[in-house]
Amino acid sequence: MHKQFENQVVLVTGATAGIGRATALAFSREGARLVISGRNVEAGRRLQQELKALGAEAEFVPADVSQEDQLVHLLEHCLKRFGRLDIAVNSAGIEGQGGSIMEQTVETYTATFNANVLGTLLCLKHQLRVMSEQKSGAIVNLSSTMGSHGNPQAPLYVASKHAVEGLTKSAALEACRYGVRVNAVAPGPIATEMLDRIAGGAENLPKVAAGIPAGRIGRPEEVADAILFMASPRASYVTGEILHVSGGKTAM
Ligand SMILES: NC(=O)c1ccc[n+]([C@@H]2O[C@H](COP(=O)([O-])OP(=O)(O)OC[C@H]3O[C@@H](n4cnc5c(N)ncnc54)[C@H](O)[C@@H]3O)[C@@H](O)[C@H]2O)c1
């Protein structure tokens, strides 16, 4: 049976949990060779074993996306092992400190922006260096519905995801000349550890679901499907775009 990403080399950051993990699994089912990355070494090794058991070639390389030397090592490892990079999915991110702007500090700002903005910038920088040489590739960043809407409970997260969308559009314009596409997927509430933390426990999830037109929280696999589409040749004329996966929330 034809597999959509047969032999393609796919890098996923933040792959040890949630949306990144579901994305790595989805690419492996479509024949991709995977470089998975994250900070949690134990979870990364477990996922690597899981992917191998499914018949995929998979390498786990630990990296904190806000540390440039670790990203350089990650890309070097990818090139040494597979010789190229066809697709990159930048899923690493944190929800950061919520609450009023009046309670935020230099530390809460720095933590959120280091993971979400500096992390995305450094990923783009080093992935584009490889892809511009190759003259091919597709990158999908993770934004959020909060990348285009305000939220008084999460000002730093909102600001950081607006920045991710700005980086996505600017990188897309730069990368056009190399035949490289850069897009973002912007999920609404998705059932991952991050949402559990934001909601403050599983008991609050029905309240979150009630605020979504579709009447339910999304699954990480549903975001992975959108990411695979954006990375695929079916989206060959799509670049600099933000695809919302929000059960209708962004239509409100
Ligand atoms: N779950 C949601 O409701 C939701 C909604 C919109 C957007 N998003 C975005 O989707 C992405 C994935 O979220 P998720 O729900 O899977 O979160 P998650 O917390 O379940 O998983 C995120 C992963 O990223 C890793 N990570 C965080 N900071 C990192 C860093 N500096 N370097 C390397 N790895 C790092 C974490 O260790 C974890 O493995 C994030 O960018 C998030 O902002 C999530």
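Above: the structure in question.
Residues numbered from 1 in each chain as written. Predicted model: local features only at pLDDT ≥ 70, side-chain atom pairs only at ≥ 80, totals over all residues. Heavy atoms only, no water.

(A) Up close: the environment of valine 223. Position of valine 223 among the secondary structure elements: in helix 8 (residues 220-231). A relative accessible area of 0% places valine 223 in the buried class. Distance from valine 223 to valine 185, taken between C-alpha atoms, is 7.7 Å for residues 38 residues apart in sequence. The residues contacting valine 223, other than those within four sequence positions of it, are Ile19, Leu142, Val185, Pro187, Ile190 and Val245. (Helix = DSSP H or I, 4+ residues; strand = E, 2+ residues; numbered from the N terminus. Buried < 20%, exposed > 50% of the residue type's maximum accessible area, 1.4 Å probe, protein only. Contact = heavy atoms within 4.5 Å.)

(B) Spotlight on the packing of helix 1 (residues 18-29) against helix 2 (residues 41-53). The interhelical angle for the contact between helix 1 and helix 2, taken along N-to-C directions, is 20°, at an axis separation of 10 Å. Put simply, helix 1 runs roughly parallel to helix 2. For the pair helix 1 and helix 2, the crossing hand works out as right-handed. On helix 2, the residues touching Arg21, Ala24, Leu25 and Ser28 of helix 1 are Leu47, Glu50 and Leu51. Counted by class, the contact of helix 1 with helix 2 contains 4 nonpolar, 1 polar and 2 charged residues. (Axes fitted to C-alpha atoms, helices over the stretch in contact; angles between N-to-C directions. Parallel < 35°, antiparallel > 145°, perpendicular 65-115°, else oblique. Left-handed = near helix turned anticlockwise from the far one by under 90°. Nonpolar A, V, L, I, M, F, W, Y, C, P; charged D, E, K, R; others polar.)

(C) Up close: the packing of aromatic side chains. Going through the model one piece at a time under the given rule, you end up with 2 aromatic pairs. Ring geometry for phenylalanine 5 versus phenylalanine 27: centroids 4.9 Å apart, planes at 70°, classification edge-to-face. One end of the pair, phenylalanine 5, is in the segment before strand 1 (9-13); the other, phenylalanine 27, is in helix 1, with 22 residues separating them in the sequence. Of the two residues, phenylalanine 5 and phenylalanine 27, neither departs from the other in class, the shared state being buried. Arranged with centres 4.4 Å apart and planes meeting at 20°, the rings of tyrosine 109 and phenylalanine 113 form a pair that is stacked. Of this pair, tyrosine 109 and phenylalanine 113 both sit in helix 4 (residues 106-134), 4 residues apart, which is roughly one turn of that helix. When its relative accessible area of 42% is taken as the criterion, tyrosine 109 is described as partly exposed. (Phe/Tyr/Trp six-rings, centres within 6.5 Å; stacked < 30°, edge-to-face > 60°.)

(D) A look at empty space enclosed by the protein. Considering all chains together, one arrives at 1 cavity of 30 Å³ or more under this definition. Empty space within the largest cavity amounts to approximately 30 Å³. Every residue lining the largest cavity is listed: Thr13, Val65, Asn90, Ser91, Ala92, Ala115, Gly119, Thr120 and Cys123. The greatest single-element share of the lining of the largest cavity, amounting to 4 residues, is contributed by helix 4. Taken together, the residues of the lining of the largest cavity sort by class into 4 nonpolar, 5 polar and no charged. (1 Å grid on protein atoms, 1.4 Å probe; cavity = no way out; pocket = protein on both sides within 12 Å on 5 of 7 lines; lining within 4 Å. Points joined across faces, edges and corners; volume = space filled by probe spheres on them.)

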